[in-house]
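Here is what each chain is made of, one letter per residue.
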Amino acid sequence: MTHAHRVSRAPLTDHLPALRATLHQQRRFRLQQLAELDAEIDRATAPTHAADTARHEVTNKLAVAARQALADVDETLTLITTGRYGHCRGCHTEIPIHLLQTIPTTQWCLNCQQRLPASGSSRPIRTSTFESGSAGDRGVPPRE
Ligand SMILES: [Zn+2]
């Protein structure tokens, strides 16, 4: 090899099995969470007390968030299947592996993430490359 000192970028494909395993694990977790939340929603179809109503609302919000997270995981798995995984939706550069390992569902590089509104509701300034109608939280939790 003549390029031994070139900065080596481990190909994304080397990391895909582990990332995919993580995503499937998250998927199972969300499905289980949704099953539990749905069961709770079923049990409380007609809340009669104010406290029950409040709890019901929280449960519904959790279910919405879990469904969104599940959709993000599914979308990410589709991107992997179609070979489009790992590229920023904003600027189309490759997303660093370490970022994908931290947040496998992210579709933004760090630069573009910084341009996301602080509210967390989810879009960078440039939205022209959004192709599908999956609005809402992009599954990019704030980093501590
Ligand atoms: Zn970017």
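How each quantity is defined
- Residues numbered from 1 in each chain as written.
- Predicted model: local features only at pLDDT ≥ 70, side-chain atom pairs only at ≥ 80, totals over all residues.
- Core = buried A, V, L, I, M, F, W, Y, C linked by C-beta atoms within 7 Å.
- Buried ≥ 20, exposed ≤ 12 C-beta atoms within 10 Å, placed from the backbone.
- Helix = DSSP H or I, 4+ residues; strand = E, 2+ residues; numbered from the N terminus.
- Domains from an automatic or database assignment.
- Contact = placed C-beta atoms within 7 Å.
- pLDDT = per-residue confidence, 0-100.
- Expected span 1.5 Å × (residues − 1).
- Bend = angle between axes of the 7 residues up to and from the residue.
- Axes fitted to C-alpha atoms, helices over the stretch in contact; angles between N-to-C directions.
- Parallel < 35°, antiparallel > 145°, perpendicular 65-115°, else oblique.
- Left-handed = near helix turned anticlockwise from the far one by under 90°.

### Things to note about the nonpolar core
Listed in full, the eleven residues of the largest apolar core are L19, L23, L37, A66, A69, V73, C88, I95, L100, W108 and C112. Those elements that provide at least two residues to this core are α1 (12–43) and α2 (50–81). The residues that make up this core include at least three from each of domain 1 (14–85) and domain 2 (86–130 + 138–142). Sequence-distant contacts of L100, defined by excluding residues within four places in its chain, comprise L19, G86, I95 and T106.

### Looking at the confidence of the model for the chain
For the chain, per-residue confidence averages 81 on the pLDDT scale, and residues scoring 70 or more make up 73% of the total. The spread of mean pLDDT over the elements of the chain runs between helix α4 (residues 110–114), the lowest at 92, and α1, the highest at 95. The low-confidence segment residues 119–138 (pLDDT under 50) makes 23 contacts with residues lying over four places distant or belonging to another chain.

### Re the environment of I80
Counting through the fold element by element, I80 comes out in helix α2. Apart from the residues lying within four places of it in its own chain, the contact partners of I80 are L16, R20 and Y85.

### Focus on α1
Over its 32 residues, α1 extends 45 Å from the first C-alpha to the last, a length consistent with the 46 Å expected when each residue adds 1.5 Å. Its axis deflected by about 30° at A18, α1 carries its strongest bend there. Within α1, burial applies to L19, L23, R30 and L37. Close packing links the buried residues of α1 with α2 and α3 (97–102).

### Let's talk about α2
If you check α2, its first and last C-alpha atoms are 46 Å apart, about what 32 residues at 1.5 Å a residue would give, namely 46 Å. Considering only its buried residues, α2 is in contact with α1. One or two residues past the end of α2 sits G83, with phi positive at roughly 75°.

### A look at the packing of α1 against α2
Where α1 contacts α2, the axes come no closer than 9 Å and their chain directions differ by 155°. As summarised for this structure, α1 and α2 are arranged roughly antiparallel, according to the angle between their axes. Once α1 is placed against α2, the crossing between them reads as left-handed.

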